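Residues per chain, in single letters:
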There are 2 protein chains.
Amino acid sequence: MTKSRNRYPTSSDVARLAGVSQSAVSRTFTRDASISTALREKVLTAARELGYRPNALPGIMQGQRSRMIAVVVGGMYNPFYARVLDTLTDELQARGEQVLLSRVESDHALDEAIDQITRYRVDAVVSALAVTTEETARKLSASRIPVVAFNSTLTAPWVSAINSDNAAAGRQAADLLLARGARRFGFIHGPLSSPAEQERFDGFARRLVACGNPAPAEARGDYDYGGGQAAIRELWRAAIPPDAIFCANDLMALGAIDTLRHELSVSVPRSVRIIGYDNIDSCDWLGYQLTSFDQDVNTMVEGAISLIFDREGLGEKSVTVTVSPKLVERSSTR
Amino acid sequence: MTKSRNRYPTSSDVARLAGVSQSAVSRTFTRDASISTALREKVLTAARELGYRPNALPGIMQGQRSRMIAVVVGGMYNPFYARVLDTLTDELQARGEQVLLSRVESDHALDEAIDQITRYRVDAVVSALAVTTEETARKLSASRIPVVAFNSTLTAPWVSAINSDNAAAGRQAADLLLARGARRFGFIHGPLSSPAEQERFDGFARRLVACGNPAPAEARGDYDYGGGQAAIRELWRAAIPPDAIFCANDLMALGAIDTLRHELSVSVPRSVRIIGYDNIDSCDWLGYQLTSFDQDVNTMVEGAISLIFDREGLGEKSVTVTVSPKLVERSSTR
DNA sequence: GGAATGTATGCATAGCTATGCAATGACGAC
DNA sequence: GTCGTCATTGCATAGCTATGCATACATTCC
């Protein structure tokens, strides 16, 4: 009664109540263990009465895999990350793994989060946040557990990456807008361009320039709807605003579309064509029909998982997997 | 080399390398432990070299709190759940707790998920899914750990609930629509009305009838945008369609608005007024301006957390906390 | 009947850290 | 010099389950 508060019952508690040995209890809950039906029933009855659940921790301490995977995300206000987390969790649970979730403000806080997480002996870490600084990469590497990060440019021993082909996406966006007759271009960045985003921009700008067009006007938003609004207002302060805009993500593109239509009375797509990135659900809503790039979350998640579970052959080697984002054209560019 | 694959280094490994006792390593990583600076430095150097992190599992086995809280969600396609998870994770991490995430199809799978989760000795469970069947409540109760479920009608020993005042919200929705001059009403349900949703509907319908109006027409969608579309088409097959609709959540309301405007050429709010539920970010977008009920996620999360951490005084008692959803009127009802 | 095979059960232990306890040494007071 | 006080360090152990090993019993076959 003194410290029994909130105590999980142990296999010995069950054994005592059932009048059997602790081994018998263990065997009852171990598949393919040799035990008679009579004994098993006695154990199950006692277990039910006490609310007993097997304890995974001793096994982990003996050296078995913990079957916990840490997943690090940077906030779910963006439906894209919500979908990544959703898919990842589903896929891991289907394999009998548990997900230890860690939310982190930016990749600078990543290594501190890892310190907490590794106390629980997770088998691996999947980060929806890109690893962008050498410092972080090195610290992750030091923990000597497999880390897979999305959209990272940096890798290190133990630290692998799943990347979209961002430059190719940028070029495709340029080609599409050119084909639709656009002449003056804009790009809306996030607050601090990640390397992945920078590649996207470079691919976009270079292709435009290579085809004899001016470099795109640039503005920054903070990755959400309001940021898209602010950025589009900024672009519209120019003497001659763009007639085609590529946004670093969909939320900003949606903010841009609404502000153009309802605040600046500009028609989309007639006067301005817009492309987003991520292909979140809202892109397909009747009011928007936003052209976007689908990062193919399923393939990326599958890649991340195989990178974790195929470690046997990989050791501490670092691997980079690249997937091609798929352009989904809708009426915002027609 | 044989089974050392992926092995975390132990405090003894560090001790051996540093030429000190295992206790010294432990003390180095324990705050306020008595240890000389010289020894601590030696230990830290060795620890850094091996990538050592303290192991939380033995302590848990000794009876300390695990500082892991399981969070159960039903999928994050709905931004409302994403926000709940986001807030909950933030708040728990701020208290030094870890989040063990479990995704579950429906509350029928809840007890099975609990079986997996409790193997890891979590201190408590927070479920964004409502507990709706006696069966589930009983099974949760049997595990004897604190469970807090959102929007549950059922409770049991150890199983508490954080509820919105759904009936009140329903009545408020009715009052607002009546005040705005609506005369014919509709309600869009989820696929199988949860008890919480049923209360909402009952509050809405009763108030309407009490004020001398006909009962609302009903349709079902599956809680997402497409479901809202299907439901609104169904309602529009009637000879005289409604001029005011209350939806069980925002995603369906948005699908309904878009379908009315772009497919059925009906003006919102001039011809039809619409109210949603949850007050997700999209409600505030310029293209929608959807009137909705804010469930005040912060307060609900705060309530859930205090219900967990104030257990000392509560024991296995079950508690129900009710919060009032706040009506946020926007132009979809003007 | 006796040997061989198989099944069922219990005993004892590894695995890792925090911590109580004891031992050691330093230092100042008398 | 002797003693008390204090800081530092090491030793030994609890906590829980899976599992190898040994034992006991049942079954089968000749």
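Predicted model, so just to flag it, every value in this text is computed and none were measured.

Asker: Just to check I follow, could you spell out the overall build of chain A for this structure?
Answerer: Per the secondary structure count, chain A includes 13 helices and 12 strands. Taken over the C-alpha trace, chain A has a radius of gyration of 26 Å; the compact-globule value for 334 residues is 20 Å, which it surpasses by more than 25%. Residue burial in chain A is summarised as follows: out of 334 residues, 54% are buried. Only carbon and sulfur atoms are counted for the fraction: they give 48% of the accessible area of chain A, which is about 13900 Å². Charge-centre separation for chain A: the mean point of 38 positive side chains lies 4 Å from the mean point of 39 negative side chains.

Asker: Would you mind going over the pairing of strand 5 (residues 159-164) of chain A with me for this structure?
Answerer: Consecutive side chains along a regular strand alternate between the two faces of the sheet. All names here are of chain A. Of all six residues making up strand 5, six are buried, and the element is well covered by its neighbours. Across the two faces of strand 5 the burial is the same, with V159, A161 and N163 and S160, I162 and S164 all buried. Where strand 4 (residues 147-150) meets strand 5, four bridges bridge the pair, whose relative direction is parallel. The residue bridging F150 from the neighbouring strand is I162, located in strand 5.

Asker: Just to check I follow, could you spell out the sheet that holds strand 6 (residues 185-189) of chain B for this structure?
Answerer: Consider a sheet: its strands pair through backbone hydrogen bonds, and that pairing is either parallel or antiparallel. Residue and element names in this part refer to chain B. Strands sit in the order 7-6-8-9 across an open sheet of four strands; the sheet is parallel. The open sheet terminates on both sides in strands that have one partner only, identified here as strand 7 (217-220) and strand 9 (273-275). Averaged over all neighbouring strand pairs, the angle between strand axes comes to 20 degrees, with direction disregarded. Running over the sheet, helix 10 (residues 225-235) touches strand 6, strand 7 and strand 8 (244-247) and is turned about 145 degrees from strand 7. Seen against the sheet, helix 11 (residues 250-262) touches strand 6, strand 8 and strand 9 and runs at an angle of roughly 160 degrees to strand 9.

Asker: Would you mind going over the environment of A:Q62 with me for this structure?
Answerer: For A:Q62, the location among the structural elements is in the loop between helix 4 (57-61) and strand 1 (68-73). Along the sequence, A:Q62 and A:I117 sit 55 residues apart, while their C-alpha atoms lie 19 Å from each other.

Asker: Please clarify how the pattern of salt bridges should be interpreted in this entry.
Answerer: Pairing between side chains becomes possible if they bear opposite charge and their charged atoms approach one another. Residues and elements named next belong to chain A. If you walk through the whole model with that rule in mind, you get 30 salt bridges over all chains. In this structure, the salt-bridge partner of D123 is R65, at a minimum N-O distance of 2.7 Å. Highlighted residues: D123 in the loop between helix 6 (110-118) and strand 3 (124-127) and R65 in the loop between helix 4 and strand 1, separated in sequence by 58 residues. Overall, the relative accessible area of 10% leaves D123 in the buried class. We classify R65 as partly exposed; its relative accessible area is 33%. A salt bridge links D111 to K139; the nearest nitrogen and oxygen atoms lie 3.0 Å apart.

Asker: Is there a simple way to think about the interface of chain A and chain B in this case?
Answerer: Note on interface size: it is often stated as the accessible area lost on association of the parts. The partner chain B presents 66 residues to the 66 residues of chain A that form the contact. Taken together, the two surfaces of chain A and chain B that pack against each other cover about 6000 Å², and 53% of this comes from carbon and sulfur. Linking chain A to chain B there are six salt bridges. For B:D90, the salt bridge is made with A:R103, and the minimal N-O distance between the two is 3.3 Å. For the pair chain A and chain B, the interface holds 32 residue pairs in polar contact (both at pLDDT 80 or more). Classifying every residue of the side of chain A that touches chain B gives 29 nonpolar, 19 polar and 18 charged. The sheet contact formed by strand 2 (residues 98-103) of chain A and strand 2 (residues 98-103) of chain B spans three bridges and is antiparallel. Bridge pairing in strand 2 of chain B places A:V99 opposite B:L101.

Asker: Could you clarify how one ought to interpret the packing of aromatic side chains in this entry?
Answerer: Working definition: an aromatic ring pair is given by the centre-to-centre distance plus the angle between the planes. Residue and element names in this part refer to chain A. Scanning the entire structure with this criterion turns up 24 aromatic pairs over all chains. Summarising the aromatic geometry, the rings of F187 and F201 are spaced 5.0 Å apart at their centres and angled 70 degrees between planes, so their arrangement reads as edge-to-face. With F187 in strand 6 (residues 185-189) and F201 in helix 9 (residues 195-210), this residue pair connects regions lying 14 residues apart in the sequence. Like F201, F187 is buried.

Asker: Is there a simple way to think about the protein's contact with DNA strand C in this case?
Answerer: If you check the shell around DNA strand C, you find 22 residues, and the closest are A:S21, A:R27, A:Q62, B:S11 and B:S26. The share of sugar and phosphate among atoms of DNA strand C within 4 Å of the protein is 57%. Between A:S23 and DNA strand C, the recorded distance is 2.8 Å, taken from a side-chain N or O atom to a base nitrogen. Here B:R27 contributes a side-chain N or O atom positioned 3.4 Å from a base oxygen of DNA strand C. Broken down by secondary-structure element, the contributors of at least two residues to the surface near DNA strand C are helix 2 (22-28) and helix 4 of chain A together with helix 2 (22-28) of chain B. Of the residues belonging to the surface near DNA strand C, the class tally is seven nonpolar, 13 polar and two charged.

Asker: Is there a simple way to think about the pairing of strand 6 of chain A in this case?
Answerer: Residue and element names in this part refer to chain A. Within strand 6, five of the five residues are buried, leaving the element largely enclosed by the surrounding structure. Of the two faces of strand 6, the one holding F185, F187 and H189 and the one holding G186 and I188 are both buried throughout. As paired strands, strand 6 and strand 8 (residues 244-247) are joined by four bridges and run parallel to one another. Its bridge partner being in strand 8, G186 is matched across the sheet by I245. Bridging between strand 6 and strand 7 (residues 217-220) involves four bridges; their strand directions are parallel. Within the sheet, the bridge partner assigned to H189 lies in strand 7 and is R220.

Asker: Explain the domain arrangement of chain A to me, please; I cannot follow it from the model alone.
Answerer: For chain A, the assigned domains are domain 1 (11-55), domain 2 (68-164 + 297-325) and domain 3 (166-294). Domain 1 of chain A and domain 2 of chain A are separated by 38 Å when their C-alpha centres are compared.

Asker: Could you clarify how one ought to interpret the protein's contact with DNA strand D in this entry?
Answerer: With respect to spatial proximity, 24 residues lie near DNA strand D, and among them A:S11, A:S26, B:S21, B:S23 and B:Q62 are the closest. Take the atoms of DNA strand D that sit within 4 Å of the protein: sugar and phosphate atoms are 56% of them. A distance of 3.4 Å is found between a base oxygen of DNA strand D and a side-chain nitrogen or oxygen belonging to A:R27. B:S23 places a side-chain nitrogen or oxygen 2.8 Å from a base nitrogen of DNA strand D. When residues of the surface near DNA strand D are traced back to their parent elements, those giving at least two are helix 1 (11-18) and helix 2 of chain A together with helix 2 and helix 4 (57-61) of chain B.

Asker: I keep staring at helix 6 of chain A and nothing clicks. Help me out?
Answerer: An α-helical turn contains 3.6 residues, so a residue and the one three or four places further along point in the same direction. If you check which residues of helix 6 of chain A are buried, you get A:L110, A:D111, A:A113, A:I114, A:I117 and A:T118. The arc enclosing the buried residues of helix 6 of chain A, seen along the axis, measures out at 150 degrees, which places them on a common side. Close packing links the buried residues of helix 6 of chain A with strand 1, strand 2, strand 3 and helix 7 (134-142) of chain A together with strand 2 of chain B.

Asker: Teacher, can you tell me more about the confidence of the model for chain A here?
Answerer: As a general rule, the predicted coordinates of low-pLDDT regions are not to be interpreted in detail. The pLDDT averaged across chain A works out to 92; a share of 98% of its residues lies at or above 70. Overall, residues 1-5 of chain A carries pLDDT values under 50, and its contacts beyond four positions in sequence, including any with other chains, amount to two contacts.

Asker: Would you mind going over the relation of the copies chain A and chain B with me for this structure?
Answerer: Superposition of the two copies of the chain requires a rotation about an axis and a shift along the axis. Once turned by 180 degrees and shifted 0.0 Å along the axis, chain A lies on chain B with an RMSD of 0.1 Å. As the rotation angle and translation indicate, the two copies are arranged about a two-fold axis. Every residue of chain A has its C-alpha some distance from the rotation axis, and the shortest such distance is that of A:L100, at 2.3 Å. A high fraction, 100%, of the interface residues of chain A reappear at the interface in chain B, so the copies pair face to face through one surface.

Asker: Looking at this model, I keep getting lost on the packing of helix 5 (residues 79-94) of chain B against helix 12 (residues 297-309) of chain B. Mind explaining?
Answerer: What describes two packed helices is the angle between their axes and the distance between those same axes. Residues and elements named next belong to chain B. Put simply, helix 5 and helix 12 touch, their axes get as near as 10 Å, and they point 45 degrees apart. The angle between the axes of helix 5 and helix 12 places the two elements in the oblique class. Judged by the sense of rotation from one axis to the other, the crossing of helix 5 with helix 12 is right-handed. Residues F80, R83, V84, T87, L88, E91 and L92 of helix 5 touch helix 12, and the partners they reach there are V297, N298, V301, I305 and F309.

What counts, and where the lines are drawn
- Residues numbered from 1 in each chain as written.
- Chains lettered and ligands numbered in written order.
- Predicted model: local features only at pLDDT ≥ 70, side-chain atom pairs only at ≥ 80, totals over all residues.
- Heavy atoms only, no water.
- Helix = DSSP H or I, 4+ residues; strand = E, 2+ residues; numbered from the N terminus.
- Rg over C-alpha atoms; globule rule 2.2 N^0.38 Å.
- Buried < 20%, exposed > 50% of the residue type's maximum accessible area, 1.4 Å probe, protein only.
- Areas by Shrake-Rupley, 256 points an atom, 1.4 Å probe, with all protein chains shown as cover.
- Lys, Arg positive; Asp, Glu negative; His and termini not counted.
- Charge placed at Lys NZ, Arg CZ, Asp CG, Glu CD.
- Pairing = 2+ DSSP bridges.
- Axes fitted to C-alpha atoms, helices over the stretch in contact; angles between N-to-C directions.
- Contact = heavy atoms within 4.5 Å.
- Salt bridge = Lys/Arg side-chain N within 4 Å of Asp/Glu carboxyl O.
- Buried area = accessible area lost by both parts, 1.4 Å probe.
- Polar contact = N/O pair within 3.5 Å; in protein donor to acceptor, adjacent residues only side chain to side chain.
- Nonpolar A, V, L, I, M, F, W, Y, C, P; charged D, E, K, R; others polar.
- Phe/Tyr/Trp six-rings, centres within 6.5 Å; stacked < 30°, edge-to-face > 60°.
- Near = heavy atom within 4 Å.
- Domains from an automatic or database assignment.
- Arc of directions from axis to C-beta.
- pLDDT = per-residue confidence, 0-100.
- Least-squares fit on C-alpha atoms with pLDDT ≥ 70 in both.
- Parallel < 35°, antiparallel > 145°, perpendicular 65-115°, else oblique.
- Left-handed = near helix turned anticlockwise from the far one by under 90°.

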